[in-house]
Amino acid sequence: EGFWDYRDFHLNIYAAWVLKARVHLHAGNKTGAYAIASSLLNGTMPGGGGANFMTVFPSVRTLAENRRDPLAFTEVIFGMHDVDRSNVQRDNFSTDLLPENVLLTGQTRFRGLFPNIIDTRRAYFLDASNYSATDSLKAIIKYQRGQLTGADPYPYRYEMLPLITKAEVYLIAAETSDNDADKAGWLTLLRIERGYQQNNMDAFLTELDQVLQDEYERELYAGGQYVYFLKRNQKTSVPGQTGGNVALSDGKLTLPVPDAEDYNRQ
């Protein structure tokens, strides 16, 4: 009755494995995390046997250009169904919001994060220059409902909030790999999915750590998981919006306790 057609709305077996890899990663067990991530990407189940992981969650680039979306719906391993997802865009990223209420990136940081115009993720930012007379700011349209032409084979794509994606599996494999060649290889495969060329690996072998951090930010921008990368790697700063770096204090990486919970503890 369509259950298998929408497995990405259920905590399916692949989502369970990637969630376990995420737990291993946060706990500092890189070997365990790498075993799971690399197995899935190589077409085998971490517990043994074959896996159709790459077939079940095909690259968004296998779709015609008029069928692609900012969240790469086909690559979502597990997500929440939200019929009001458009509110996420309106309440957090809309250029109609007051400056203090909208997530914006400066032109300097935007160009630093997306130096190559072939990166498909670059197109999912909207000019928000009305917020500044000195810097052309950018607002992300990741959660905005797209205008696809023709019948959409994925009718629920604009009602999904992704929680676990295939891109994260590549990132986990790269972060936990024990040698630079493999790390660069996993990053290259992810970047190919986002428009880069096959032979772009040697160019960043000398700056793998920064490329890894940038790929986390590019892929997970406005998604929430990037903060955990910063925390577990004990990052003390992030690139600033107009250049330079911004220091990360403990408070900036710690979510506040809701007032209702804090009050009940007293």
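Rules used in this analysis
- Each chain has its residues counted from 1, following the order in which its sequence is written.
- Totals for whole chains, interfaces and linings use every residue, but because this is a predicted model, local features are given only for residues with pLDDT of at least 70 and side-chain atom pairs only at 80 or more, for both listing and counting.
- Excluding hydrogens and water, the side-chain figures rest on all heavy atoms present in the structure.
- Where helices and strands are cited, they refer to DSSP runs of H or I of at least four residues and of E of at least two residues respectively, numbered from the N terminus.
- As defined in this context, the radius of gyration uses C-alpha atoms, and a globule is described by 2.2 Å times the residue total to the power 0.38.
- For each residue, the accessible area found with a 1.4 Å probe, counting protein chains only, is set against the maximum for its type, and the residue is called buried under 20%, exposed over 50%, and partly exposed in between.
- Any two residues whose heavy atoms approach within 4.5 Å are treated as being in contact.
- Only the protein chains shown count as covering a residue, and every accessible area follows the Shrake-Rupley method with a 1.4 Å probe.
- Buried Ala, Val, Leu, Ile, Met, Phe, Trp, Tyr and Cys residues form a nonpolar core when they are joined through side-chain atoms within 4.5 Å.

Caption draft 1: Fine view of the overall build of the protein chain. Counting secondary structure elements, the protein chain contains ten helices and seven strands. Taken over the C-alpha trace, the protein chain has a radius of gyration of 19 Å; the compact-globule value for 266 residues is 18 Å, and the two agree within 12%. For the protein chain, the spread of C-alpha atoms along the three principal axes comes to 55 × 55 × 45 Å. Counting all 266 residues of the protein chain, 42% fall into the buried class. A separation threshold of at least 6 residues defines the contact pool for the protein chain, and within that pool the share at least 24 residues apart is 64%. For the protein chain, the accessible area works out to roughly 14,300 Å², and carbon and sulfur atoms hold 51% of it.

Caption draft 2: Looking closely at unusual backbone geometry. At A72, a position not held by glycine, the phi torsion is positive, near 50°. Along the polypeptide, A72 turns up in the loop between α3 (53-56) and β1 (76-81). The phi torsion at A222 lies on the positive side, around 65°, for a residue other than glycine. Position of A222 among the secondary structure elements: in the loop between α8 (208-220) and α9 (226-232). Of the residues examined, A222 reaches a relative accessible area of 23% and is grouped as partly exposed.

Caption draft 3: Spotlight on helix α6 (residues 166-176). Within α6, eleven of the eleven residues are buried, which leaves the element mostly enclosed by the surrounding structure. The set of residues buried in α6 consists of K166, A167, E168, V169, Y170, L171, I172, A173, A174, E175 and T176.

Caption draft 4: Highlighting the nonpolar core. Formed by 41 residues in total, the largest nonpolar core has its most connected members in Y14, L40, F53, I77 and Y216. For this core, the elements supplying multiple residues, two or more each, are α1 (13-27), α2 (30-41), β1, α6, α7 (180-193), α8 and α9. Here this core takes seven residues from α6, the largest share from any one element. Counting nine residues, the second-largest nonpolar core is a separate cluster that includes F93, L113, I140 and Y221.

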